[in-house]
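# A closer look at the structure
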Amino acid sequence: MTVRHSTAAPRYDPVRYERGRLTVLDQTRLPRETVYAALTELDQVETAIRTLQVRGAPLIGIAAAYGVCIALAGSPSLAEAQRRAPAVLARLAATRPTAVNLSWALARMERAIAALREPDWREALEAEAAAVHRDGRAQDARMVSHGLALLAPNARVITHCNTGPLATGGLGTALGVLIGAHGKLGGLHVYVDETRPRWQGAHLTTWELAQHGVPHTLICDGAAAALMQRGGIHSVWVGADRIAANGDTANKVGTYGLAVNARHHGLPFYVVAPTSTFDLALDSGAGIPIEERSPREVAAPEGLLLAPPETPAWNPAFDVTPSELISAIVCEQGVFRGPKYDLRKDIAG
Ligand code: MRU
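Now for a description of the structure that goes with this document. Bear in mind that the values here come from a model prediction, so they are computed numbers and not experimental data.

This part takes up the overall build of the protein chain. Across its full length, the protein chain holds twelve helices and 15 strands. Along the three orthogonal principal directions, the C-alpha set of the protein chain runs to about 65 × 50 × 45 Å. Counting all 349 residues of the protein chain, 55% fall into the buried class. Considering only contacts in the protein chain between residues 6 or more positions apart, those separated by 24 or more positions represent 75%. Total accessible area on the protein chain is roughly 14500 Å²; 54% of this is exposed by carbon and sulfur atoms.

What follows is the structure, encoded as structure tokens:
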């Protein structure tokens, strides 16, 4: 299904689930076309997550929760569904290693599966996945209101990757705050890192900002430091894929360099993420697994040969920003200010 989009109407829903069918807005086709893919098999959900048709830490968790329903709700009996569950959960957990929201959502589904009872177990399973989605939306709304307190009217900000509704299925994290600031504070201008090598900034963040009517300018990742040097930038805003107990934060590759540059230029650097992105089992970012993707994404993005075909390329999808470079972490529970974080103490529940 192809739908033409206009910049005036912010109408899009990155995932929708109805009885065994997950409809996803194919993020690999934006901004060229708005195409939805219908996923009705577990391997289709796995592929959609691996290939970034569905991406962004919270949205990966939501898609995986619905993927569990797709894989198990058709089982002939509850006993059979519970027998198959460990393999299904393991397959989904293996799709992408860095965003901890994935294992967080799957752990929630695992607990729900253990508690299922006849006769309405299929409905209860689907209700839990819907609750993962609904809770994420509610967390987004709280993060946006906490984050707005860190912005003033007429702010000029830089952001990296895509952290809007497309990444969460709700309002978004960092971009959710910025979209909120456009409506509530006014005068906002967002500079968008293109975000090589998968162009989430160029393809997705610009598209979302246009959908919401937010003034923005696309920049090459390498231009962010020069923009800071010229002056007039007030702050830098990013999301996260996994945050360790000491505040070290894994996010899209390029985030660390942006944080170093922000510190050099005396700019606040803000991370916005729900507590489902916090991995309090990890003392520091040293334990965060970093996904390495195909070298072809760097050397031949979207089929365009940029380097001689035999050129080796290194393609880490994420990097880790040390917590001392982070001015504050915004989550649904509030704003935690650096430079030292002890999230095991700070986080309630
Ligand atoms: O590889 P992606 O596109 O899934 O990476 C996404 C990011 O790095 C986002 O910044 C992060 O998930 C935060 S989204 C709310």
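This next bit is on the sheet that holds strand 7 (residues 216–219). One open sheet holds the seven strands; their spatial order is 7-6-5-8-11-14-15, and the pairing between them is mixed. At either end of the open sheet lies a strand with only one pairing partner, and these are strand 7 and strand 15 (334–337). Averaged over all pairs of adjacent strands, the angle between strand axes in this sheet comes to 25°, irrespective of strand direction. The sheet strands contacting helix 5 (residues 121–148) are strand 8 (235–238), strand 11 (269–272), strand 14 (328–331) and strand 15, and the helix crosses strand 14 at an angle near 145°. Packed onto the sheet, helix 8 (residues 200–211) meets strand 5 (156–159), strand 6 (189–193) and strand 7 and runs at close to 160° relative to strand 6.

Turning our eyes to something else, we now look at the packing of aromatic side chains. Summed over all chains, the structure comprises three aromatic pairs. Consider the rings of Tyr-17 and Tyr-66, whose centres lie 4.8 Å apart with planes at 5°: the pair is stacked. Taken together, the positions of Tyr-17 in strand 2 (residues 15–18) and Tyr-66 in helix 2 (residues 57–72) put the pair 49 residues apart, joining distant regions of the chain. Both residues of the pair, Tyr-17 and Tyr-66, belong to the buried class. In this structure, Arg-16 is placed above the aromatic ring of Tyr-36, and the distance from its NZ or CZ to the ring centre is 5.6 Å. For the cation-ring pair, Lys-252 lies above Phe-318, with the distance from its terminal atom to the ring centre recorded as 4.3 Å.

Before going further, it helps to examine the site of the ligand. Of all residues adjacent to the ligand, which total 18 residues, the nearest are Arg-55, Arg-96, Asp-241, Asn-251 and Lys-252. One of the side-chain nitrogen or oxygen atoms of Arg-96 is found 2.8 Å away from an oxygen atom of the ligand. A distance of 2.8 Å separates an oxygen atom of the ligand from a polar side-chain atom of Asp-241. For the ligand, whose accessible area on its own is 420 Å², the fraction buried by protein is 100%. Looking at the shell around the ligand residue by residue, the class counts come to six nonpolar, eight polar and four charged.

This next bit is on the packing of helix 3 (residues 78–93) against helix 4 (residues 100–114). Across the interface, helix 3 lies against helix 4 with an axial gap of 10 Å and an inter-helix angle of 175°. Regarding the angle of helix 3 to helix 4, the classification is roughly antiparallel. Residue-level contacts link Gln-82, Ala-85, Leu-89, Leu-92 and Ala-93 of helix 3 to Leu-102, Leu-106, Met-109, Glu-110, Ile-113 and Ala-114 of helix 4.

About the thresholds
Residues numbered from 1 in each chain as written. Predicted model: local features only at pLDDT ≥ 70, side-chain atom pairs only at ≥ 80, totals over all residues. Heavy atoms only, no water. Helix = DSSP H or I, 4+ residues; strand = E, 2+ residues; numbered from the N terminus. Buried < 20%, exposed > 50% of the residue type's maximum accessible area, 1.4 Å probe, protein only. Contact = heavy atoms within 4.5 Å. Areas by Shrake-Rupley, 256 points an atom, 1.4 Å probe, with all protein chains shown as cover. Pairing = 2+ DSSP bridges. Axes fitted to C-alpha atoms, helices over the stretch in contact; angles between N-to-C directions. Phe/Tyr/Trp six-rings, centres within 6.5 Å; stacked < 30°, edge-to-face > 60°. Lys NZ or Arg CZ within 6 Å of the ring centre and 35° of its normal. Near = heavy atom within 4 Å. Polar contact = N/O pair within 3.5 Å; in protein donor to acceptor, adjacent residues only side chain to side chain. Nonpolar A, V, L, I, M, F, W, Y, C, P; charged D, E, K, R; others polar. Parallel < 35°, antiparallel > 145°, perpendicular 65-115°, else oblique.

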